[in-house]
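Now for the letters of each chain:
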Amino acid sequence: MTLATPILHTDRLRLRPFTEADADRLFALHSSTRIMRYWDSAPWSDRARADRFIAICGQLEQDGTGARVAIDRASDGAFVGWCGLTGWDEGNRSASLGYVLDEPMWGHGYATEAAHAVLRWAFDTLDLNRVQAEADTRNAASGRVLEKLGFVREGTLREDCVVNGEVSDSWVFGLLRREWRPQEGAGRGEL
């Protein structure tokens, strides 16, 4: 079963399927050691990784297991980053949320706005009951984004990641449908 990647709009953002034209911007994003500091894998060093990421986005859609969208700023089309759902389990009505934003876009509320639009789509269109997210315990900013969205910190995965020899813990967050509080004007979608 396929899962069509949506096009979503917020007051300031446009979320859309990835295209091959996004590869250079995606590589710049994922090759930054500062941006990827708290990610569960090392920064990319091979440009081909961006092409594979875009291909995997298409495969997620074809397999019906998730959707990742590129985020552009509506005012000028600037690439903000990406947000998505993976591990969609139709039977259990659950999925995992993830996002990465370019450093100049930090601190403007774009992560919260984009994730809110994806969550609205997830709960309204996919009829999810639960969305889970993880954040490195050192990444307080990501934890704040998730809490603003209504996620509850449910626990800590101790020493669950080792990236470049550095061991780290992750917080596990969960958001249930009955706890979801959609905001007006925060996202509308089309397929």
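Now for a look at the structure at hand.

Conventions adopted
Residues numbered from 1 in each chain as written. Predicted model: local features only at pLDDT ≥ 70, side-chain atom pairs only at ≥ 80, totals over all residues. Heavy atoms only, no water. Helix = DSSP H or I, 4+ residues; strand = E, 2+ residues; numbered from the N terminus. Contact = heavy atoms within 4.5 Å. 1 Å grid on protein atoms, 1.4 Å probe; cavity = no way out; pocket = protein on both sides within 12 Å on 5 of 7 lines; lining within 4 Å. Points joined across faces, edges and corners; volume = space filled by probe spheres on them. Nonpolar A, V, L, I, M, F, W, Y, C, P; charged D, E, K, R; others polar. Core = buried A, V, L, I, M, F, W, Y, C linked by side-chain atoms within 4.5 Å. Buried < 20%, exposed > 50% of the residue type's maximum accessible area, 1.4 Å probe, protein only.

Looking now at the environment of Leu-176. The residue Leu-176 is located in strand β8 (residues 166-176) in this model. Taking C-alpha positions, Leu-176 is 28 Å from Phe-53, a pair spaced 123 residues apart along the chain. Not counting residues within four places of it along the chain, the set of residues in contact with Leu-176 comprises Phe-123, Asn-129 and Arg-130.

Moving on, we get to the layout of surface pockets. To find the voids left in a structure, one rolls a probe of water-molecule size over its atoms. Of the volumes computed, that of the largest pocket is approximately 1,200 Å³. Trp-39, Tyr-99, Glu-134, Asn-139 and Ser-142 are the residues nearest the centre of the largest pocket, which is lined by 42 residues in total. For the lining of the largest pocket, the secondary structure elements donating two or more residues are β4 (79-89), β5 (94-101), α3 (110-124), β6 (130-136) and α4 (140-148). With 7 residues, the single largest contributor to the lining of the largest pocket is α4. Here the residues of the lining of the largest pocket sort into 21 nonpolar, 12 polar and 9 charged.

Counting 39 residues, the largest nonpolar core has Leu-15, Leu-85, Leu-97, Leu-128 and Phe-151 as its most contacted members. Those elements giving two or more residues to this core turn out to be β2 (13-17), β3 (67-73), β4, β5, α3, β6, α4 and β8. At 10 residues, the largest contribution of residues to this core is made by α3. If near-sequence neighbours (up to four positions away) are discounted, Phe-151 is found in contact with Leu-97, Leu-119, Val-131, Gln-132, Ala-133, Leu-146, Phe-173, Gly-174 and Leu-175. Core analysis: the next-biggest nonpolar cluster, separate from the first, contains 16 residues, Phe-18, Ala-23, Phe-53 and Val-100 among them.

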